[in-house]
Amino acid sequence: MQGLRALPSVDQVLNGPAGRAMIAAHGRTATTAAVRAELDAARAAIRAGGRADDVATGAAARLDAAAQTTLRPMLNLTGTVLHTNLGRAILAEPAIRAAVTAMANPLALEFDLETGGRGKRDDHLRGLIVELTGAEDATVVNNNAAAVLIALNTLAQGRDAIVSRGELIEIGGAFRMPDIMARAGCRLVEVGTTNRTHPRDYQAALGPDTGLILKVHTSNYRIEGFTAEVPAPELAAIARAAGVPLLNDLGSGSLVDLSHYGMRREPTVAEAVAEGADLVTFSGDKLLGGPQAGFIAGRRDLIAAIDKNPLKRAVRLDKIRIAALEATLRLYRDPDRLVQTLPTLAVLARPAADIAAQAARLAPRIDAILAPHGFAAAPCTCASQIGSGALPVDTIPSAGLRLTGAGGDAPDRLAAHLRALPTPIIGHIRDGALILDLRCLPDDDALTGALAAL
Ligand SMILES: *Cc1c(COP(=O)(O)O)cnc(C)c1O
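Along each chain, residue indices are assigned from 1 in the same order as the chain's sequence is written. Whole-chain, interface and lining totals are the exception, using all residues; otherwise, since this is a predicted model, local features are given only for residues with pLDDT of at least 70 and side-chain atom pairs are given and counted only at 80 or more. In computing side-chain properties, one takes all heavy atoms of the structure into account and sets aside hydrogens as well as water.

**Points about helix α17 (residues 352–370)**
To keep it simple, the criterion reads: Starting at the N terminus, helices and strands are each numbered in turn, a helix being any DSSP run of H or I of at least four residues and a strand any DSSP run of E of at least two. Multiplying 1.5 Å by the helix residue count minus one yields the expected span of that helix. The rule is simple: take the accessible area with a 1.4 Å probe, protein chains only, and divide by the maximum for that residue type; under 20% is buried, over 50% is exposed, in between is partly exposed. When checking whether two residues touch, look at their non-hydrogen atoms; a contact exists if any pair is within 4.5 Å.
The end-to-end C-alpha distance of α17, which contains 19 residues, comes to 25 Å, matching closely the 27 Å that a straight helix rising 1.5 Å per residue would cover. Those residues of α17 that fall on the buried side of the exposure criterion are Ile355, Gln358, Ala359, Leu362, Ala363, Ile366 and Leu370. Where the residues of α17 are buried, they touch β11 (375–384), β12 (396–405), α18 (410–419) and α19 (444–451).

Given below as structure tokens:
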């Protein structure tokens, strides 16, 4: 058995050549802690009758592991373009530059350069949102969940919020409409049934305690078969007749008609405004293609009330995202070039034939890289999804690589290897293979380069 006495002291390790190199790279505090931790592990191993690894080598491995960011860039080859777990939209170049400038410099965030007096941070965005949506006024908050929360709280605290049973959504576990309503201080009044809600259902629920009617886009499911919902214009008329506001939570909320780019039509934000909603809410980092944010667009008096709500300060945006949003929204002023300038749209509109050609080109190269590890690659067709609650049951034809290997656990094993790469690669498992959907692959070398580290 290896003796405890054979182990070096902390100082011996720190003063050796390996120790000095670790201190130069990681600093004395972190290096000392890593050496101590490694020595503890070595003593425990020896007491358990095993062998201890070289202390300096083990400490260096600990330091290298701790120095690696868990937020390193990766390749999203899942086929879901706006993947919430992978950070949703990739920003456009002008938005990235604007964010970097905002990070590094003082700017007139709440400062009127003409008068030298106080300005408003939302004013940098207000005009653009109004221009692009046709709404009277607009405000921005941390995300769409916050937009819904503050709108409900402002319009219906202590009062009834009427919503169809078919629209009581849950998004990703934490965001459930009934819970948000409760936190906003509203009484949830459910009307209709899961599959059918009629105008008379809303009308019967209206009363002196009604704060608002809420319409929610069913972002991640679709009710099919024997169904009925009250269309937004009709619901707007019911709300108007009763003198209560209609809030339409669009979720993803596109500013452009997706059917121009080969996807199914979804109502745009401008259409939702035109349909008579008093307020519409939507996300910044879904189809819009910007940073995380929540937009509220609609009636000027209601926006003013929201801006006065003390919650607004708690959910306001920082300068970095305001700068990135402004640059993103500006791109929409030139819709003809949006498919080139906005990465989200570029990726969604990418023709399947282009992706198939890339798959055919890459398959032999990837196969050659994987073969020594016992895996094979072949081109395949697959189906991408927009993700983040846009067109939830629609898919977009795509192409990719089908990776296979021996044994039933081959796809899982390969997926684990690809996740562990310095640039992790994430695909999805289907029919006994790991599928890499190439829709979001920026260029061929990004994949071969990442796989070279296997
Ligand atoms: C995504 C979504 C939300 C939440 O938006 P975040 O920007 O993720 O906070 C709320 N409502 C609907 C209908 C959604 O699709």
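There's more to say after this.
**Concerning the nonpolar core**
We count it as follows: We call a set of buried residues a nonpolar core when its members are Ala, Val, Leu, Ile, Met, Phe, Trp, Tyr or Cys and they connect through side-chain atoms within 4.5 Å of each other.
Among the nonpolar cores identified, the biggest contains 55 residues, and Ile213, Val280, Phe282, Leu329 and Ile386 are the most heavily contacted of them. Beyond its immediate stretch of four places on either side in the chain, Ile213 contacts Ile162, Tyr202, Leu206, Leu235, Ile238, Ala239, Val244, Pro245, Leu246 and Leu247. In this structure, Ile150, Val163, Ile296 and Val315 belong to the second largest nonpolar core, which totals 28 residues.

**What about the environment of Thr227?**
Relative to the assigned elements, Thr227 resides in the loop between β7 (210–216) and α10 (232–242). According to the relative accessible area criterion, Thr227 is partly exposed, its value standing at 33%. For the pair Thr227 and Leu77, spaced 150 residues apart in sequence, the C-alpha to C-alpha distance is 35 Å. If sequence neighbours within four positions are ignored, Thr227 has contacts with Asn195 and Arg196.

**Considerations on the pattern of salt bridges**
Think of it this way: side chains of opposite charge can pair up when their charged atoms draw near. Applied cut-off: Salt bridges are counted wherever a side-chain nitrogen of Lys or Arg sits within 4 Å of a carboxyl oxygen of Asp or Glu.
All told, the structure shown has 33 salt bridges when counted by the stated rule. A salt bridge links Glu224 to Arg222; the nearest nitrogen and oxygen atoms lie 3.9 Å apart. For Glu224, a relative accessible area of 60% puts it in the exposed group. By sharing partners, the salt bridges in this structure join Asp122, Asp123, Arg126, Asp137, Asp307 and Lys312 into a single network.

**So, the site of the ligand**
What counts here: A single heavy atom is enough: if one lies within 4 Å of a molecule or strand, its residue is considered near that molecule or strand. Within 3.5 Å is the distance limit for a polar contact, defined as a pair of N or O atoms, with the added protein rule that one can donate a hydrogen and the other accept it, and that residues adjacent in sequence qualify only through two side-chain atoms. Note on residue classes: Ala, Val, Leu, Ile, Met, Phe, Trp, Tyr, Cys and Pro are nonpolar, Asp, Glu, Lys and Arg are charged, and everything else, Gly too, is polar.
Close to the ligand lie 13 residues; Ala145, Ser219, Asp249, Ser283 and Lys286 are nearest. At 2.9 Å from an oxygen atom of the ligand is found a side-chain nitrogen or oxygen belonging to Arg88. Between the ligand and Asn144, the relevant distance is 3.1 Å, taken from an oxygen atom to a main-chain nitrogen or oxygen of the residue. Classifying every residue of the shell around the ligand gives 4 nonpolar, 6 polar and 3 charged.

**What about the sheet that holds strand β15 (residues 433–437)?**
The condition that has to hold: Two strands pair if DSSP finds at least two bridges between them. Only the stretch in contact is used when fitting a helix axis, every axis being a line fitted to C-alpha atoms; angles between N-to-C directions are given from 0 to 180 degrees.
Reading across the sheet, the 4 strands line up as β11-β12-β15-β14 and stay open at both edges, with antiparallel pairing between neighbours. Of all the strands in the sheet, just β11 and β14 (428–430) have a single pairing partner and so form its edges. Mean inter-strand twist for the sheet, computed between neighbouring axes without regard to direction, equals 35°. Relative to β12, β11 is paired through 10 bridges, and the arrangement is antiparallel. Paired with Ala383 across the two strands is Pro397, which belongs to β12. Of the strands in this sheet, β11 and β12 are in contact with α17, which crosses β12 at around 10°.

**A few points about the packing of aromatic side chains**
Just so we agree on the cut-off: Pairing of aromatic side chains here covers Phe, Tyr and the six-membered ring of Trp, requires ring centres within 6.5 Å, and sorts the geometry by plane angle: under 30 degrees stacked, over 60 edge-to-face, intermediate tilted.
Considering all chains together, one arrives at 1 aromatic pair under this definition. Look at Phe282 and Phe295: their rings are 4.9 Å apart centre to centre, the planes differ by 10°, and that puts the pair in the stacked class. Linking Phe282 in strand β9 (residues 279–283) with Phe295 in strand β10 (residues 294–298), this pair joins segments that are 13 residues apart in sequence. For Phe282, a relative accessible area of 1% translates into the label buried.

**Topic: the pairing of strand β3 (residues 160–164)**
Counting buried positions along β3 yields 5 of 5 residues, so the element is predominantly enclosed. Taking every second residue as pointing to the same face, both faces of β3 are buried, with Asp160, Ile162 and Ser164 on one and Ala161 and Val163 on the other. Relative to β7, β3 runs parallel, the two being bridged by 4 bridges. Looking at the pairing, Ala161 lines up with Leu212 of β7.

**Some thoughts on the sheet that holds β7**
Ordered in space as β2-β10-β9-β8-β7-β3-β6, the 7 strands form an open sheet in which the pairing is mixed. Either end of the sheet is taken by a strand with one partner, and the two such strands are β2 (137–141) and β6 (187–191). Between one strand axis and the next, the sheet turns through 25° on average, direction left out of account. Pairing between strand β8 (residues 246–251) and β9: 4 bridges, direction parallel. Within β9, the position partnered with Leu247 by the bridge is Leu279. The sheet strands contacting helix α6 (residues 123–133) are β2, β9 and β10, and the helix crosses β2 at an angle near 120°.

**Here's the deal with the packing of helix α2 (residues 17–26) against helix α3 (residues 28–47)**
This is how the line gets drawn: Between 65 and 115 degrees an angle is taken as roughly perpendicular, under 35 as roughly parallel, over 145 as roughly antiparallel, and anywhere else as oblique. The sense of a crossing depends on the near helix, which, turned anticlockwise from the far helix by less than a right angle, makes the crossing left-handed and, turned clockwise, makes it right-handed.
The N-to-C vectors of α2 and α3 enclose an angle of 130°; their axes lie 7 Å apart at closest approach. Comparing their axes, α3 and α2 come out oblique. Relative to α3, the crossing made by α2 is right-handed. On α3, the residues touching Gly19, Met22, Ile23 and His26 of α2 are Arg28, Ala30 and Thr31. Of the residues assigned to the contact of α2 with α3, the class counts are 3 nonpolar, 3 polar and 1 charged.

Geometric descriptors of this kind do not, in isolation, establish any biological role.
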